[in-house]
Amino acid sequence: MIKTTLLGLSLALMAAGAPSAQTPPARAPAAAPAPPLGPPRAFPGYTQPDITPGACRVISQTQTMCTIPGMTAGRYVAHATGTSTAQGEGAGQALVIQVGSRVCGRADRRPTAQAPWTSGAKTLMVDCEFVVLTDRPLQVIVTYGDAKATRDPRGPTLKIERAPWDGVLSTQISVPEQP
């Protein structure tokens, strides 16, 4: 009797789990949510604040600096520009973003015979993505230089935006010797 009851119960459970012709088709999985802003829970006490224009200041015609507050963790993107007006043949520009003690990115405009820059204003741009985890305030500095050109007296611009945390702490490329 017990064997018959267990067999009947097993068959009933198997039948209940089997899809029937009346079962609607399974829905496609929902799109993954966007990665969140802010640091993961591994960094309690840290935040990923907006870096507002009030956190930035022009130091000179060649440098602008923004300060990221202490207890900050997260991904950011810095956008920098520098503008000059060429004063003749051989004009050039260079723009560097430095995060703390590390150079993050550099852009150069070196005119060539195929792409000369002898007159008019040009704006050089560079973007830099970085991840910070800092207890103390951290400076992000853009330095701008030009040659045979007149620099914009307002100095270079620097804007820092928060980016979603994607969970990647580091990547590095290594290309072995190819046979």
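In short, a report on the structure. (Residues numbered from 1 in each chain as written. Predicted model: local features only at pLDDT ≥ 70, side-chain atom pairs only at ≥ 80, totals over all residues. Heavy atoms only, no water.)

**Here's the deal with the overall build of the chain**
Note the threshold: Comment: elements are numbered from the N terminus, with helices defined as DSSP H or I runs of at least four residues and strands as E runs of at least two. When accessible area is computed with a 1.4 Å probe and restricted to protein chains, residues below 20% of their type maximum are described as buried, those above 50% as exposed, and intermediate ones as partly exposed. It only takes one pair of heavy atoms within 4.5 Å for two residues to be counted as in contact. The Shrake-Rupley method, run with a 1.4 Å probe sphere, supplies the accessible areas, and residue values consider only the shown protein chains as cover.
Scanning the chain from terminus to terminus reveals 1 helix and 9 strands. Taken from N to C terminus, the helices and strands of the chain fall in the order α-β-β-β-β-β-β-β-β-β. Looking at the chain as a whole, 29% of its 179 residues qualify as buried. Residue pairs in contact within the chain that sit at least 24 positions apart in sequence constitute 78% of those at least 6 positions apart. Working note: accessible area of the chain is about 12,300 Å², and carbon and sulfur atoms make up 58% of it.

**Regarding the environment of Thr157**
The condition is simple: Under the rule applied, a polar contact is a pair of N or O atoms within 3.5 Å (in protein, one hydrogen donor and one hydrogen acceptor; residues adjacent in sequence only if both atoms are side-chain atoms).
Residue placement: Thr157 occurs in strand S9 (residues 157–163). Thr157 has contacts with Thr64, His79, Ala80, Thr81 and Val142, leaving out every residue within four places of it along the chain. Among the polar contacts listed, one links the side chain of Thr157 to the side chain of Thr81, at a separation of 2.3 Å.

**As for the sheet that holds strand S7 (residues 138–147)**
Test applied: When DSSP finds two or more bridges between a pair of strands, those strands are recorded as paired. Lines fitted to C-alpha atoms define the axes here, with helix axes fitted over just the stretch in contact, and angles between the N-to-C directions of these axes take values from 0 to 180 degrees.
Strand order in this open sheet of 5 strands is S1-S2-S7-S4-S5, and the pairing throughout is antiparallel. Two strands close off the open sheet at either side, each with one partner strand: strand S1 (56–58) and strand S5 (102–109). The average angle at which neighbouring strand axes cross in this sheet is 15°, direction not considered. Alignment of S1 against strand S2 (residues 63–68), held across 3 bridges, turns out to be antiparallel. What sits directly across from Cys56, in S2, is Cys66.

**Things to note about the pairing of S5**
Here is the key point about a regular strand: its side chains alternate between the two faces of the sheet. Inspection of the sheet shows strand S4 (residues 92–99) paired to S5 by 7 bridges, in the antiparallel sense. By the bridge assignment for S5, Ala94 is matched with Asp108. Counting the residues between successive antiparallel strands, the hairpin from S4 to S5 contains 2 residues, one of them, Gly100, with a positive phi of roughly 60°.

**Quick word on the nonpolar core**
Inclusion rule: Residues grouped as a nonpolar core are buried Ala, Val, Leu, Ile, Met, Phe, Trp, Tyr and Cys residues, joined through side-chain atoms within 4.5 Å.
With 22 residues, the main nonpolar core has Ile97, Phe130, Val140, Leu158 and Ile160 as its most contacted residues. Those elements giving two or more residues to this core turn out to be S2, strand S3 (72–86), S4, strand S6 (120–134), S7 and S9. The greatest single-element share of this core, amounting to 5 residues, is contributed by S6. Leave out the neighbours within four places in its chain, and Ile160 touches Ile51, Cys66, Tyr76, Val77, Ala78, Phe130 and Val140.

**Digging into unusual backbone geometry**
Positioned with a positive phi, Met71 is a non-glycine residue whose angle comes to about 60°. Within the secondary structure, Met71 sits in the loop between S2 and S3. A positive phi is found at Lys148, a non-glycine position, where the angle reads about 50°. Within the secondary structure layout, Lys148 lies in the loop between S7 and strand S8 (149–151).

**Some words on the side chain of Gln48**
For Gln48, the position within the fold is in the loop between helix H1 (2–17) and S1. With residues up to four places along the chain from it excluded, the contact list for Gln48 reads Leu37, Gly38, Pro39, Ala73, Gly74, Arg75, Tyr76, Arg162 and Ala163.

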